[in-house]
Amino acid sequence: MNAPDMRRQSCLPLHRAEDFPILERPVRGKRLVYLDNGATTQKPEAVIEAERRFYRESNANIHRGVHWLSQHATDLYEQGRETVRRFLNAARAEEIVFTRGTTEAINLVAQSWGRANLKAGDEIVLTAMEHHSNIVPWQLLCAETGAELRVVPINDRGELDLDAYVALLNERTRLVAVAHVSNALGTVNPVQDIAARAKAVGALVLVDGAQAVAHMPVDVQAIGCDFYAFSAHKLYGPTGIGALYARWDVLRGMPPWQGGGDMIRTVSFEGSTWADPPQRFEAGTPNIAGVVGMAAAIDYVSAIGLERIAAHEHALLEYATEAVCKLPGVRLIGTAREKASILSFMVDGIHPHDRGTILDMEGIAIRAGHHCAMPVMKRFGIPGTARASFALYNDERDVEALVAGIRKAQAMFDGGAAR
Ligand code: PMP
């Protein structure tokens with residue numbers, strides 16, 4: 001079999017058409033070409049049905065009631081924790097804290113671990129390719145504690161400068177917080193090496209896995225990180241739910257960050273005591289149906305296999321990279337050797353927003369702008385990019401539609417310029 005045939009085969013979609021009902025709906029009278037998966041993925045029937053079934057058959061508040069339904073809902077919620085544990089290969093289920101998503105997970109670490117452990121002069125190492133949600137919580141923490149940020153630069157391909165990273169590490173480094181996969185560039189960072197280097201100076205490591213978990217197998221013990229954050233909605237699950245993995249030795253010493261029901265052991269007006277983790281960090285009634293939906297999403301991708309998803313998306317990314325680069329006046333932003341599922345690009349003479357709007361008229365959903373990564377845009381001296389991001393249900397037809405859409409946008413702008 002020659003190379004193109006192999007590629008064609010591996011680009012075959014991994015799902016059944018009926019799995020994703022929304023992909024069957026037309027948009028603006030055209031077939032929907034959904035390439036905004038970096039922002040959020042579409043949901044399979046299995047996830048939609050799991051949430052529906054929860055509300056129809058199992059709804060009750062958890063950890064509180066003595067009645068059967070409450071126990072049943074609690075069991076489903078705690079089974080969801082075990083599903084996340086297995087998915088990330090955490091050592092124990094108590095290391096999984098449910099949050100609203102990646103953003104809340106990072107804020108939890110900053111507000112709980114950070115406020116308790118950092119002082120003036122301590123350093124937090126970030127990278128120049130972080131999403132705002134892995135920058136701003138640390139800035140807020142630095143303003144409170146007097147700790148300082150250090151930023152690892154990136155090269156023209158959008159890869160971390162690892163020599164510069166090592167040079168930044170010292171005995172004042174308390175935390176290294178890094179994206180597993182950059183949402184603006186698609187770069188896959190060598191998080192295992194990064195963690196090992198951080199450990200050598202006694203720093204903790206937080207990995208922002210928002211753009212990784214849907215695209216590759218993740219093993220937090222193999223990575224060697226202390227914290228790993230992700231959102232279910234980028235993993236074919238519901239919005240408003242996600243998880244923080246925190247290594248038990250670190251998590252058990254962390255103080256609460258939000259107070260309320262469920263996170264206490266005792267409450268009196270003289271003072272209160274706290275439940276053990278993870279409950280200590282789950283104040284109030286959580287998103288129970290969301291946990292059930294997230295577990296269904298994890299089961300869905302696990303049944304297909306993260307390795308297969310990674311291979312499929314990699315083939316698609318290569319095909320798209322080749323096709324888009326052949327277009328005149330198109331420049332990729334982010335050409336790292338290790339990339340996952342994200343194609344960010346500029347088209348000469350067309351603002352990213354105009355490009356997004358013209359593609360939208362064709363039923364093609366991409367993202368245009370700074371992608372909540374303004375420092376990346378500054379690094380490359382651009383206002384924003386157009387970003388196509390792939391999921392397991394995309395195929396070559398989607399790439400071909402994207403290329404045709406870009407051509408059309410170019411023709412419109414060339415025509416406009418000529419008039
Ligand atoms: N980090 C990265 C790398 C992301 O891509 C995103 C979402 N775009 C986030 C964090 C924040 O995720 P959420 O909005 O789901 O909390």
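Counting of residues starts from 1 at the beginning of each chain's written sequence and follows it residue by residue. Only residues with pLDDT of at least 70 get local features here, since the model is predicted, and only at 80 or more are side-chain atom pairs given and counted; chain-wide, interface and lining totals rely on the full set of residues. Where side-chain values are given, they derive from all heavy atoms of the structure, hydrogens and water being excluded.

*Asks:* How should I be thinking about the sheet that holds strand E13 (residues 330-332) in this particular structure?
*Replies:* Strands belonging to one sheet form pairs held by backbone hydrogen bonds; the direction of such a pair is parallel or antiparallel. A sheet is described by the order of its strands in space; here 4 strands give the open sequence E13-E14-E17-E16, paired in antiparallel fashion. Bordering the open sheet on either side are E13 and strand E16 (367-369), each of which pairs with just one other strand. Neighbouring strand axes in the sheet, compared pairwise and without regard to direction, differ in orientation by 30° on average. As paired elements, strand E14 (residues 342-347) and strand E17 (residues 385-389) share 4 bridges and run antiparallel to each other. When the sheet's bridge partners are listed, Ile342 is paired in E17 with Ser389. In the packing of helix H11 (residues 306-325) onto the sheet, the strands contacted are E13 and E14, and the crossing angle to E14 comes to about 5°. Any two strands with at least two DSSP bridges between them are considered paired. In this text, helices come from DSSP runs of H or I with a minimum length of four residues, and strands from runs of E with a minimum of two, each type numbered from the N-terminal end. Each axis is a line fitted through C-alpha atoms, and for a helix only the stretch in contact is used; angles between axes span 0 to 180 degrees, taken between their N-to-C directions. Note on contacts: a residue pair qualifies if any of its non-hydrogen atoms lie within 4.5 Å across the two residues.

*Asks:* Sorry if this is basic, but what is going on with the packing of helix H2 (residues 45-58) against helix H10 (residues 288-304) here?
*Replies:* Packed helix pairs are characterised by how far apart their axes lie and by the angle those axes make with each other. Direction vectors running N to C along H2 and H10 enclose 150°, while the axes themselves pass 8 Å from each other. As for the relative orientation of H2 and H10, their crossing is right-handed in sense. Along the contact surface, H2 presents Ala46, Val47, Ala50, Glu51, Phe54 and Tyr55, while H10 presents Ile288, Ala289, Gly290, Val292, Gly293, Ala296, Ala297 and Tyr300. Gly counts as polar in this scheme, as do all residues outside two lists: the nonpolar Ala, Val, Leu, Ile, Met, Phe, Trp, Tyr, Cys and Pro, and the charged Asp, Glu, Lys and Arg. Of the residues that constitute the contact of H2 with H10, the class distribution is 11 nonpolar, 2 polar and 1 charged. In a left-handed crossing the near helix is turned counterclockwise from the far helix by less than a right angle, and in a right-handed crossing that turn is clockwise.

*Asks:* Honestly, the site of the ligand in this entry has me stumped. Any pointers?
*Replies:* Consider each residue's heavy atoms; a residue with any of them within 4 Å of a molecule or strand counts as near. Taken together, Thr102, Thr103, His131, Ser133, Asn183, Asp208, Ala210, Gln211, Ser231, His233 and Lys234 are the residues near the ligand. Pairing of N or O atoms within 3.5 Å defines a polar contact, subject to two protein rules: one partner must be a possible hydrogen donor and the other a possible acceptor, and residues neighboring in sequence count only if both atoms are side-chain atoms. Here an oxygen atom of the ligand and a side-chain polar atom of Thr103 are 2.6 Å apart. The Shrake-Rupley method, run with a 1.4 Å probe sphere, supplies the accessible areas, and residue values consider only the shown protein chains as cover. For the ligand, the accessible surface in isolation is 400 Å², of which the surrounding protein chains cover 84%. Considered class by class, the residues forming the shell around the ligand number 1 nonpolar, 8 polar and 2 charged.

*Asks:* Can you help me understand the pattern of salt bridges in this one?
*Replies:* Between side chains of opposite charge, pairing is possible as soon as their charged atoms come close. Here a salt bridge means any side-chain nitrogen of Lys or Arg lying within 4 Å of a carboxyl oxygen belonging to Asp or Glu. On inspection of all chains with the given rule, the structure shows 31 salt bridges. Residues Arg247 and Asp226 are paired through a salt bridge, measuring 2.7 Å at the closest nitrogen-oxygen approach. One end of the pair, Arg247, is in the loop between strand E10 (242-246) and helix H9 (248-251); the other, Asp226, is in the loop between helix H8 (220-223) and strand E9 (227-231), and 21 residues separate them in sequence. Only protein chains enter the accessibility calculation, which uses a 1.4 Å probe; a residue is then buried when its area is under 20% of its type maximum, exposed when over 50%, and partly exposed in between. Looking at Arg247, the relative accessible area reads 28%, which means it is partly exposed. Arg397 is paired through a salt bridge with Asp395; the nearest N and O atoms lie 3.7 Å apart. Relative accessible area serves as the criterion here: at 11%, Asp395 is assigned to the buried category. A network of salt bridges, in which partner residues are shared, links Glu123, Glu148, Arg150, Glu171 and Arg172.

*Asks:* Can you walk me through unusual backbone geometry in this structure?
*Replies:* The general pattern is negative phi for most residues beyond glycine and trans for most peptide bonds. Cis rather than trans, the peptide bond between Pro277 and Pro278 has omega equal to 5°. If you trace the backbone, Pro278 turns up in the loop between strand E12 (271-274) and H10. At Ser341, a residue that is not glycine, the phi angle is positive and equals roughly 60°. Along the chain, Ser341 falls in the loop between E13 and E14. Classification of Ser341 as buried rests on a relative accessible area of 3%.

Any functional reading would require information beyond the geometric quantities listed.
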